[in-house]
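Residues per chain are reported as follows:
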Amino acid sequence: MSATTTTAAPGRSLPATEGSLVQRALRGAVTPGGAVFILVAILFLAVVAANPSFGEPPQLIRFIGRTAPIAIAAMGQYYVIVSGEFDLSMGAVIATQVVIAGNYIGQDEGRVLPALVLMVAIGAVVGLVNGLGTTLLKVPSFIVTLGTMLALGGLVRFLTGGAATGNPVDSFREIGRGGIQDVPVLEVLPYPVIILVVIMIGGVLLMRSPFGRTIVATGDNPDAAGLAGAHVWWVKTRAFMLSSLSATVAGILLVGYAGVHPSVGSGYEFTAITAVVLGGVVLGGGRGWLLSAAAGAFALELLFSFLNFQEVESTWRPTVQGVIIILAVAAAGRAWSFGRRPSRTSPPAAPAPPSTPARPGTETGEN
Amino acid sequence: MRPKIHRAPIAVASALLLGVFATACSTEDPTDGDTGSDNTSETSESPDASESPEEGGEQEWFDQAVYDEQYEQRSATFEGDPETPYLQYIDGEMTDTADYKSNKPGKACFANASIGNPWRQTGWITMNQQLKDLQDKGVISEMETRDAGDDDNTQIADIDYFISEGNCDAFIISPNSTAAMTDAVERACETGKPVVVFDRGVQTDCATTFIHPIGGFAWGIDTAEFLVDNLEEGDKVVALRILPGVDVLEQRWAAAEKIFDENGIEAVDFFTGADPTEIKTFITDELNKGEIQGVWMDAGDGAVAAIEAFQDFGADLPVMTGEDEMSFLRKWEETGLTGLAPVYSNFQWRTPLLALEKIWAGEEVPKEWVLPQTPITEDERADYIEANDGMPDGHYAKFGGEDLVGYPEVWQERQIP
Amino acid sequence: MSATAAKVPETEESVRRRRAARPKDAKRRLGSTALIYLVLAGVVVASVVLTAVEGRNFFSQGNIWAVLTAMSVLGLIAIGQTLVILVGSLDLSVPYVVSLATVIAAGGMKGLDGNIPAALVNTLAVCAVIGLVMGLLVSVLHVHGFIASLGIGLIVSGYLGTNYQGSHGSAAPDLRLLGRSGIAGWIPTAFLIMLAGAVLVTLMLRYTRLGHHLYAIGGNREVARMSGVRTVMPVVAAHVLCSVLAGVAALLLLSRTGVGSPTIGSQGRYDLLSIAAVVLGGTLLAGGKGSVIGTIGGVAIFAVLDNVMGVMQVNPFLKDFVRGLVIVLAVAVYARRSVVRRPPRFGATRTVLPGSSTQQESA
C-alpha cells in the first residue's frame, strides 16, 4: 500500500485498516487473494446455470461437505507455502491414515478413539520430520518432502501388502460420511462442513496471532524474521506439522467419504498446491491469505463439477486445470507487484529459496 | 569479457558424437547370435498393422473377429476338470514340448509388470504358494522375480537382464503393455528356452504358450447383456473406467458400448483412476443431472464407493456389475441390489507355473491357453462369500488357491512375498 | 565489524581472513561434486558385496549393460533439468513431454527408415516449442517455474489422454537397432548419447556466454539484469534445451519399446526422479550453483541402487522406501556444508578495507 511510513501517532490508524468495511472489502477484492472469491462466485453461478438443482440447499451443502477434505488440505499447504516451503508428502500421509483406519480399527468400535490419537500422533511426527529435515539438515523442503512421500508411501504399502484390509467400522466413517439429520432447509448438515468451519475459524485466529504473523514474516524474509527474534526453524517446523495434521484430518474425512482404498489421497499434494496458488498465495512465501487457499480449493472443485455438467470429456480435465493455474498465477504475479510501492527488486515469483542464511537476495545490499 | 571458447574440448565432444553414430550403425547387437548382420525380421515395409493406425488419431479397439470369437468361447466346452479351472483350456493348436523335457528341477525367471493393484497382489500371493508346492515336488528349483513397477522401460530391461544374467531355464512374462514388450519377448524366445506369457499378451506368437482367460470382449458382453436384460430401453448407465489405453480394459468397454448402443441404453463413461473419491463425485454429479438406472465398471476396484454414492444421495440402488473382489461381493449381499460379478479369473496366476511343470515333463500345452471366465451370479454369491470369510476386502473370490499350502492364512494376512 | 575509512596496512588478521575466504569457495565447489562421487563409490562397493552375496558379479557384462542403460534415459532428462534448475526454475512437465515425443516420433516414422529425419525434426521441434512456451511464462510473465511447468504438463497430459488410447505408431528399424547396439556388449549406444549430451552441455555451461549467464541469472536475477544480462533469453534457452533433451530421451525410449506410448513418461516418474538426481548431484534448488557432472553422479547412484535392489529381489514397495531415504540422507550430507559455508559475495561479515586487495577478489 502506497502510504508514507511515518510512525503511527497514538490513535492514528494504519492505512491498511482505514476505511469502512465496504471500502476494505473492495480493496481486498482487487488483490489475487480476494479475486479468488469472485472467481468462486462466478463459477458457482455458472454451475447452477448448467444444472439448477445444484443450487438447492441440500445438494449445495453436500457439495461443501465433499470439498471439505481438499479445502482443509489446501489450508494446511498454505501454512507451508506462505512460510516459503513445499510439502509434497500430503498424499502419503493421507494414505497412511487411511491404512491405519482400515487395519487398526477394523470392525472394533473401541479402537476408534485410540486410532484417532495414533493418527494425530503420526501426522505430527511426519510434520516434525519434514520441518527438521528442512531447517536443521538444510535440505530443500522439496527434497525432504519428496523423500518423505516415497519413504512413507513405500513403507505403508510394504507393511500392508499394498492395500488395507477393509473399511473401518461405520461409526468411524460417520465422521466423513454422516451429518446432523433433520436440519431445516438443508436436510442434512454433514459433519465435514462443521469440521471445515471450525478449522477455518481456528486458522483465521491463528494467522492473526503472533505465530501467524511470524509465519508470513518468515516466508517473506527469513533473515529479518530471525534477526527480529523469531526461531525460524521452529516456526517452519510448526508450519509443516500443521500441514501434516491438516492432511490427517483430510484423511479421516476421506476414509468416511470414500472408504479405504490405496489410491485415496494420491496426488493430493499437487491439488492442494494448485488450490493454494489459485488463491493468490505466492510460491516462495510471504504473501497470501489463509481463506483464499480454501476458496481456491472450492474454485477448483466447482470448476470440475462445471466440466462434468457440461459433459466435457473427463480426459480434458487436466488441460483445463493446467490453463487455469497458469492464468491465475500469471495474473496474481502481476497484481501483487502492481499493488505495492516501492516495487520489489526481485519479482514476486522469484524461485523459492532454500531456508538458509545465504539467501541470494539478501547478499546484495537489498536491506 | 567474452570467454575464450576452448577448441580442444569441442573437438573431443564432436569426436564422441561421431563415435556414437559410428557405434550405432556398425556394432553388433549384443543379444544377437550373429555378428554384423541385421538378422531381425523387420523389413522396411511392415509397419505394425493391427495395433497402430497409419494416420494419427484414436486407436480403434473394437475388433469384430475377436469379438465374435470370444462370444462363442463363452459357451465353449473346456477340456479338463472344472474343479481345477486353472488347468482347463479350450481345445486347439498345441505346442510340442518334447525338446524341453528335463529331469532336474529348473529355474524360472518371472518378469512381472507390477503388484500395483489388489487383483495383481492376490494373484502374486497365489502364485508364490503354487511355487512352494512345485518346489516341494521337485519341479522348480527357484523362481527369480523382477518387478517392473508398471514401467515398460524397466520391464524391457528386466527381460534383457534375465537373458544375460539370469541363468534361466524358462521365462514367465506378464507384460506391462502389449506392443511395447513385443521385441523383448521375442528376444526371450530366441534363447531357445520355454517362454510363458500370461495376462496381457504381446504381438508375437513365439511364446511356448500364452495363458489368459477368454478376454475383454467376453467381459463386456457378459456385463452389458446382464444390464440390458435388467433395464429398459432409454435407461441410463454410468460406466466407470479405470484408465485409458490398457488393452484388457479397453476391450471390455468396446464390447459393452456396442451392446448398449444396439439396445438403446444411454451410457456415459468416466475415467476414475479407481479413486473412490472421484467415483463418488462423478456419480453424485450425474445423479444431480437425473436418474441413473445402471452402473457398469471395467474393473471392480472402487465398486463400494459407487454404491455408497447412491445411498448417500438417497437414490434407488442401480443394477450393477462389479468384479469378484470381496468388497463388492459383500456390499452386493448387504444391499441386495441386482448385480453380477464378472471375473478376470484370478486363478490364472497358478497356470504359468503349472504350464512349466507340463513343459518340463514334455507334455504338450495349448499354444493359446484360454482359461474359463465365468461371472459370479446372485445364486452363487453366498457360497463364495462364505468360502472367503475372513479374507480382506481386496481379495478376489476366484483366486483358485484353496488347495494350496498356507490356505487360508497366507491370503488372510496378505503378506506380499 | 564495520569498515573504517582510514587506510590501514594489512594486519595478520585480515591476511588470514582473506586467505580463508577465497580457497573455501573453490574447495567447497569441488567438494560437492567430489562428495557425490564418493557416495557413489560407497554405493557401488555396497552393491558389489550384496550382488556377490546373491551369487552374481556386479561387474559382469550384462549387469554393467543394465546399469548404463538405466542411466541413459533418466540421465538425459536430468541434464536438461539441471539447466532449468540452475537458472532458478523447475520442469515438472518432462513425463508428458516424453510421452508426447514418443507418440509423435512413432506416428511420424510409421515403421519406415525413410521417415526418420522428418519424424525427428517434428518431434524435437514440438519439444522446443513447449520449452519455449514454458520459458516465456517463467521469464516474461514471471510465473514460478513450478506452476508454469506443472500447468504445461497438465495441458499436455489432457491432450494425450484424450487423443491417444494406447500405443501409437511404430519405430523405424534403424532406431530399434540403435536401441540394442553398443560397444562390445558392455556400453550401450544410448549411454554414449547421454554422455555426449552431458559433455556438450557442460562445455556450453563453462565456456559460452549463455552458460555464464545461466549461472548469473540463477544466482540472482536482479543483479544479473542490472549487470546487463538479458534475463529472458537464457531462461527460455534453458527450458527449450530441457524439453529438447527430454525429446531425445523419448527417442531413446522409443528405440527400446518400438512404439509410441502416451503413458511411458508417467510410468517412469521422470519428473520427481530427475529433480532428485539433480539435487543429489549438488545443484542448488534455488539456482546459481551446480554442475552436470554432479547430476550424472546422482543418476548413477539411482541406477546402481535400483540394480542392486532388483538383484536382491527387494519387495517393490520397499524400493520406494529406500529411494526416499537415500535422497534425503545423501542430500543432507553436503546440504549444510555447501550452503552455510558459501561466502557471501557482498556480505557485511567480512571486513572490506577500501583500497585493499580483498575488494578485487569479490568481483
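Residues numbered from 1 in each chain as written. Chains lettered and ligands numbered in written order. Predicted model: local features only at pLDDT ≥ 70, side-chain atom pairs only at ≥ 80, totals over all residues.

Student: Provide a residue-level description of the overall build of chain A, including the pertinent values.
Tutor: Scanning chain A from terminus to terminus reveals 14 helices and two strands. By residue count, 56% of the 367 residues in chain A fall in the buried class. Here the analysis covers contacts within chain A between residues at least 6 apart in sequence; of these, 77% occur between residues at least 24 apart. (Helix = DSSP H or I, 4+ residues; strand = E, 2+ residues; numbered from the N terminus. Buried ≥ 20, exposed ≤ 12 C-beta atoms within 10 Å, placed from the backbone. Contact = placed C-beta atoms within 7 Å.)

Student: Account for the overall build of chain C, naming residues and giving values.
Tutor: When helices and strands are counted, chain C shows 15 helices and two strands. Of all 363 residues assigned to chain C, the portion counted as buried reaches 60%. In chain C, the proportion of contacts linking residues at least 24 apart, taken out of those at least 6 apart, comes to 81%.

Student: How would you summarise the nonpolar core if you had to cite specific residues and measurements?
Tutor: In this structure, A74 of chain A, V196 of chain B together with A246 and A249 of chain C are the most contacted members of the largest nonpolar core, which totals 334 residues. For this core, the element with the highest residue contribution is helix α10 (residues 232-257) of chain C, accounting for 17 residues. For this core, the domains that each give at least three residues are domain 1 (74-214 + 345-375) and domain 2 (216-340) of chain B. Once residues within four sequence positions are removed from consideration, V196 of chain B is found in contact with A170, F171, I172, A207, T208, T209, I211, P352, A355 and L356 of chain B. (Core = buried A, V, L, I, M, F, W, Y, C linked by C-beta atoms within 7 Å. Domains from an automatic or database assignment.)

Student: Give a description of the pairing of strand β2 (residues 106-112) of chain B that names residues and reports values.
Tutor: All names here are of chain B. Among the seven residues of β2, six are classified as buried, and the element is accordingly described as predominantly covered. Judged from the seven bridges that link them, β2 and strand β3 (residues 140-147) form a sheet pairing that is parallel. When the sheet's bridge partners are listed, G106 is paired in β3 with I140. With helix α3 (residues 118-136) bridging β2 and the parallel β3, this β-α-β connection has right-handed handedness. Looking at chain direction, β2 and strand β4 (residues 170-173) are connected through four bridges and run parallel. Residue C109 lies in a different strand from β4, and its bridge partner there is F171. (Pairing = 2+ DSSP bridges. Right-handed = clockwise from strand over helix to strand, strands pointing away.)

Student: Talk me through the packing of helix α2 (residues 61-86) of chain C against helix α13 (residues 292-311) of chain C; I want residue IDs and the actual numbers.
Tutor: For any two helices packed against each other, the geometry is given by the interaxial angle and the distance between the axes. Residue and element names in this part refer to chain C. Packing of α2 against α13 leaves a shortest axis separation of 8 Å and a crossing angle of 140°. Considering the angle they form, α2 stands oblique to α13. Both α2 and α13 take part in a crossing whose hand is right-handed. On α13, the residues that touch N63, A66, V67, A70, M71, L74, G75, A78, I79 and T82 of α2 are V292, T295, I296, G298, V299, A300, F302, A303, V304, D306 and N307. Classifying every residue of the contact of α2 with α13 gives 14 nonpolar, six polar and one charged. (Axes fitted to C-alpha atoms, helices over the stretch in contact; angles between N-to-C directions. Parallel < 35°, antiparallel > 145°, perpendicular 65-115°, else oblique. Left-handed = near helix turned anticlockwise from the far one by under 90°. Nonpolar A, V, L, I, M, F, W, Y, C, P; charged D, E, K, R; others polar.)

Student: Give a description of unusual backbone geometry that names residues and reports values.
Tutor: Residue and element names in this part refer to chain B. The residue after Y407, namely P408, is reached through a cis peptide bond having omega -5°. Tracing the sequence through the fold places P408 in the loop between α12 (378-387) and α13 (409-413). Phi is positive for D150, which is not a glycine, with a value near 65°. Tracing the sequence through the fold places D150 in the loop between β3 and α4 (152-165). D150 sits in the buried class, given 21 other C-beta atoms within 10 Å.

Student: Account for the environment of L118 of chain A, naming residues and giving values.
Tutor: All names here are of chain A. Note that L118 resides in helix α5 (residues 112-135). Placed 14 residues apart in sequence, L118 and Y104 show a C-alpha to C-alpha distance of 9.8 Å. Filtering out sequence-adjacent residues up to four positions away, L118 remains in contact with I100 and Y104.

Student: Which residues make up the interface of chain A and chain B, and what are the values?
Tutor: Counting from both sides, the interface comprises 24 residues of chain A and, opposite them, 29 residues of chain B. Mapped by element, the contributors of at least two residues to the side of chain A that touches chain B are α3 (57-82), α11 (232-258) and α13 (290-309) of chain A.

Student: So what about the pairing of strand β6 (residues 209-213) of chain B? Which residues, and what values?
Tutor: All names here are of chain B. Among the five residues in β6, five count as buried, and that is most of the element. Burial along β6 is two-sided: T209, I211 and P213 and F210 and H212, pointing in opposite directions, are all buried. Summarising the sheet, strand β5 (residues 195-198) and β6 pair through three bridges and their orientation is parallel. Its bridge partner lying in β6, F198 is registered against I211.

Student: Go over helix α8 (residues 191-208) of chain A with me, naming the residues and quoting the values.
Tutor: All names here are of chain A. Between its terminal C-alpha atoms α8 stretches 26 Å, which fits the 26 Å expected from 18 residues at 1.5 Å a residue. Looking at α8, one finds that the buried residues are P192, V193, I195, L196, I199 and G203. Down the axis of α8, the smallest arc covering the buried residues is 155°, so these residues share one side. Residues of α8 that are exposed and point more than 90 degrees away from the buried face comprise V197, V198, I201, G202, L205 and R208. Among the structural elements, α3, α7 (170-177), β2 (187-190), α11 and α13 are those in contact with the buried residues of α8. (Expected span 1.5 Å × (residues − 1). Arc of directions from axis to C-beta.)

Student: Summarise helix α9 (residues 303-313) of chain B; cite the residues concerned and give the values.
Tutor: The buried count for α9 of chain B comes to nine of 11 residues, which makes it a mostly enclosed element. Along α9 of chain B, the residues classified as buried are A303, V304, A305, A306, I307, E308, A309, F310 and D312 of chain B. At its buried positions, α9 of chain B is contacted by α7 and α11 of chain A together with β7 (236-241), α8 (276-289), β9 (294-297) and α10 (326-335) of chain B. The first or second residue beyond α9 of chain B is G314 of chain B, which carries a positive phi of 85°.

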